[in-house]
Amino acid sequence: METNVLELSLQDLIMVTKPYNILEDIKTDEEGNVIASVKNEYLMKQESGPMQCSEFGRHAAILGSMLLAKNNTRQEKHYYLAIKADLTRNHLEVYENEEFTIKVSPISQTKRAGSVYGELFDSNDNVLFTAEVGYMVLNRTTFQRLNANNKIENILSQEISPYKVRKRLRNVFVDENKISATYGVVNSSECEGHFENYPCLPVAIVGGLFGDLAVNLLEHVTGCHQMIDKSAVINAKRLAFAGEFVHFEGKLLEQKEDNTIVMFAQAFVGDEVIADVTTEVVGV
């Protein structure tokens, strides 16, 4: 039996807002899980649907932060920073489905950390993705003190969500089994809703850019122009704030017989690694 929760009661305890957070109909059940509905907002043309792997990671991480906020003994706003996500697609079937249900369950939680398990269901209640997401938890004072130099006031809202129309990788260069590309300077308008006055590129968006990198490497290695992201393990080292220049480097770890490749890649600000991924993608 599901029990309605006032959406604002959970959304007011986390630091991500619209347009990055587009979860609706947020509920809890008797087992302590949190459930929400979401409409698919973005699908990279070269990644086969019904939802992109990184988009599932986006929504699961947000809902997971609400679950941790619900169970936090200090009912005040915290920053729930997703630092690791292990995402798996359950099957390779390609079909259309615009509305989904996400359920997250608790795995562990302490004062400064937490982890959740998530599932994405399509409109026929079939599980499309599963995930485990790990978090670092910071109170508002600590986060803002650590990132005082990245504060920006009066960020203008965009007419079109930057999560519907996105900046893709450019200057993509492949040399045998290695690949590189640039994202460029992070603009505050590209981070709307993540976080207020401290705009930074969401890890899930970095994950989508890793997917962009992977499909370019896949095309070079196999000739396939379309992919399904079967799995991805993403580690976030630190946030990339507005004004910082982000670039990517990757390499082929394995090529399998069924047009499948395994890629390891890193995202950088300068010489500093801000995130890495090991991902398996299949050409379709």
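Residues numbered from 1 in each chain as written. Predicted model: local features only at pLDDT ≥ 70, side-chain atom pairs only at ≥ 80, totals over all residues. Heavy atoms only, no water.

Participant: Got a minute to help me understand the state of the cysteines in this structure?
Facilitator: Disulfide: a covalent bond formed between the sulfur atoms of two cysteine residues. Enumeration according to the criterion identifies 0 disulfides in this entry. With no disulfide of its own, Cys53 lies 18 Å from the sulfur of Cys224, the closest cysteine sulfur. The class for Cys53 is buried, based on a relative accessible area of 1%. Classification of Cys224 by relative accessible area gives buried; the value is 12%. (Disulfide = S-S within 2.5 Å. Buried < 20%, exposed > 50% of the residue type's maximum accessible area, 1.4 Å probe, protein only.)

Participant: What should I look at first to understand the pairing of strand S15 (residues 272–283) in this one?
Facilitator: It is a general feature of regular strands that their side chains alternate between the two faces of the sheet. Among the 12 residues in S15, 9 count as buried, and that is most of the element. With 9 bridges joining them, strand S11 (residues 227–236) and S15 adopt antiparallel strand pairing. Bridging from a neighbouring strand, Ala236 pairs with Ala275 of S15. Hairpin remark: strand S14 (residues 260–269) followed by S15, antiparallel, with 2 residues in the connecting loop; positive phi at Gly270, about 65 degrees. (Helix = DSSP H or I, 4+ residues; strand = E, 2+ residues; numbered from the N terminus. Pairing = 2+ DSSP bridges.)

Participant: Teacher, can you tell me more about helix H4 (residues 203–222) here?
Facilitator: The α-helix advances 3.6 residues per turn, and as a result positions three or four apart in sequence lie on the same side. The first and last C-alpha atoms of H4 sit 28 Å apart over 20 residues, in line with the 28 Å expected at 1.5 Å per residue. In terms of burial, H4 is a largely internal element, 14 of the 20 residues being buried. Taken from the residues just after H4, Gly223 is the one with a positive phi, measuring 85 degrees. (Expected span 1.5 Å × (residues − 1).)

Participant: What am I meant to see in the side chain of Thr260 here?
Facilitator: Position of Thr260 relative to the elements: it lies in strand S14. In this structure the side chain of Thr260 is engaged in a polar contact, spanning 2.8 Å, whose partner is the side chain of Asp258. (Polar contact = N/O pair within 3.5 Å; in protein donor to acceptor, adjacent residues only side chain to side chain.)

Participant: What's the story with the confidence of the model for the protein chain in this structure? I'm lost.
Facilitator: Close inspection of predicted coordinates is inappropriate for parts of the model with low pLDDT. Predicted confidence across the protein chain gives a mean pLDDT of 93, with 97% of residues reaching 70 or more. Across residues 1–7, where pLDDT falls below 50, the model places 17 contacts with residues more than four positions away in sequence or in other chains. (pLDDT = per-residue confidence, 0-100. Contact = heavy atoms within 4.5 Å.)

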